[in-house]
Amino acid sequence: TPAWALYGAKEEGFDPTDTRHRKKKKHPKYTRFDDNGVPTHDQNNQELSLEERALLMKQMEIKRSEIGCGSTVTELKGGEKQIQDASLMFRGMVVTK
């Protein structure tokens, strides 16, 4: 057994002559939200500026005018359901670090 493959080796079991690729991790773009679903803090848990929040509120109002208040559920082929809710529009956004 080569030294790099032994328990506790700094190479962690990977051949040092091979190129090691690490996956980037996805993190939420926004970490905190107000009662309406508008983000209040960014991925670094820093509070958003009033200008940024106003822009996000405007985007949410546009989305609400498109789909209406409340939420709509559309059943797709195969039983999959698509949910449209303006208050959830920012929750699935991610950044890669």
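All values derive from a computational prediction rather than experimental measurement.

Asker: Help me understand helix α1 (residues 50-67) in this model?
Answerer: Three or four residues apart is the spacing at which side chains of an α-helix point the same way, because the helix has 3.6 residues per turn. Taking 1.5 Å per residue as the helical rise, α1 with its 18 residues ought to reach 26 Å, and the 26 Å between its terminal C-alpha atoms agrees with that figure. All of the buried residues along α1 are Arg 53, Leu 56, Met 60 and Ile 67. The buried side chains of α1 occupy one side of the element, clustering within an arc of 65° when seen end-on. What points out from α1, more than 90 degrees from its buried face, is the exposed set Leu 50, Glu 51, Leu 55, Lys 58, Ser 65 and Glu 66. Where α1 is buried, its residues meet β2 (30-33), β3 (39-42), β4 (71-75) and β5 (81-85).

Asker: Just checking my understanding: could you explain the confidence of the model for the protein for this structure?
Answerer: A low pLDDT score tells you not to read the predicted coordinates there in detail. On average, the protein scores 85 in pLDDT, and the residues at 70 or more come to 99%. No element of the protein has a lower mean pLDDT than strand β6 (residues 94-96), which averages 80, and none a higher one than β3, which averages 94.

Asker: What is the right way to look at the packing of aromatic side chains in this model?
Answerer: The description of an aromatic ring pair rests on the distance of the ring centres and on the angle between the ring planes. Applying the stated criterion across every chain, the model contains 1 aromatic pair. Ring centres of Tyr 30 and Phe 90 lie 6.2 Å apart, and the angle between their planes is 85°; this geometry places the pair in the edge-to-face category. Of this pair, Tyr 30 sits in strand β2 while Phe 90 sits in the loop between β5 and β6, and the two are 60 residues apart along the sequence. Residue classification places Phe 90 among the buried residues on the basis of a relative accessible area of 1%. Here the basic side chain of Arg 91 rests over the ring of Phe 33, its NZ or CZ set 4.0 Å away from the ring centre.

Asker: Teacher, can you tell me more about the pattern of salt bridges here?
Answerer: Between side chains of opposite charge, pairing is possible as soon as their charged atoms come close. Following the criterion strictly, the structure yields 2 salt bridges and no others. The shortest N-O distance in the salt bridge between Arg 53 and Asp 34 comes to 3.0 Å. Remark: Asp 34 occurs in the loop between β2 and β3 and Arg 53 occurs in helix α1; sequence separation between them is 19 residues. The partner of Arg 64 in a salt bridge is Glu 61, with the nearest N and O atoms 3.5 Å apart. Remark: Glu 61 and Arg 64 occur in helix α1; sequence separation between them is 3 residues, near one turn of the helix. Taking the relative accessible area as the measure of exposure, Arg 64 reaches 24% and is therefore partly exposed.

Rules used throughout
Residue indices begin from 1 for each chain and proceed along its sequence in written order. Restriction of local features to residues with pLDDT of at least 70 applies here, the model being predicted, together with a cutoff of 80 or more for giving and counting side-chain atom pairs; totals for whole chains, interfaces and linings are based on all residues. Side-chain numbers come from the whole structure's heavy atoms, not from hydrogens or water. A run of H or I in DSSP becomes a helix once it reaches four residues, and a run of E becomes a strand once it reaches two; helices and strands are each numbered from the N terminus. Helix span, as expected, comes to 1.5 Å for every residue beyond the first. Exposure categories follow from relative accessible area, calculated using a 1.4 Å probe and restricted to protein chains: below 20% of the type maximum is buried, above 50% is exposed, and the middle band is partly exposed. This arc corresponds to the set of directions leading from the helix axis out to the C-beta atoms. Residues are treated as being in contact if the distance between any of their heavy atoms lies within 4.5 Å. On a scale of 0 to 100, pLDDT captures the predictor's confidence in every residue. Two rings from Phe, Tyr or Trp (for Trp, the six-membered ring) form a pair when their centres sit within 6.5 Å of each other. Planes less than 30 degrees apart are called stacked, planes more than 60 degrees apart edge-to-face, and all others tilted. When the NZ atom of lysine or the CZ atom of arginine is within 6 Å of a ring's centre and also within 35 degrees of its normal, the charge is said to sit over that ring. A pairing counts as a salt bridge when a side-chain nitrogen of Lys or Arg comes within 4 Å of a carboxyl oxygen of Asp or Glu.

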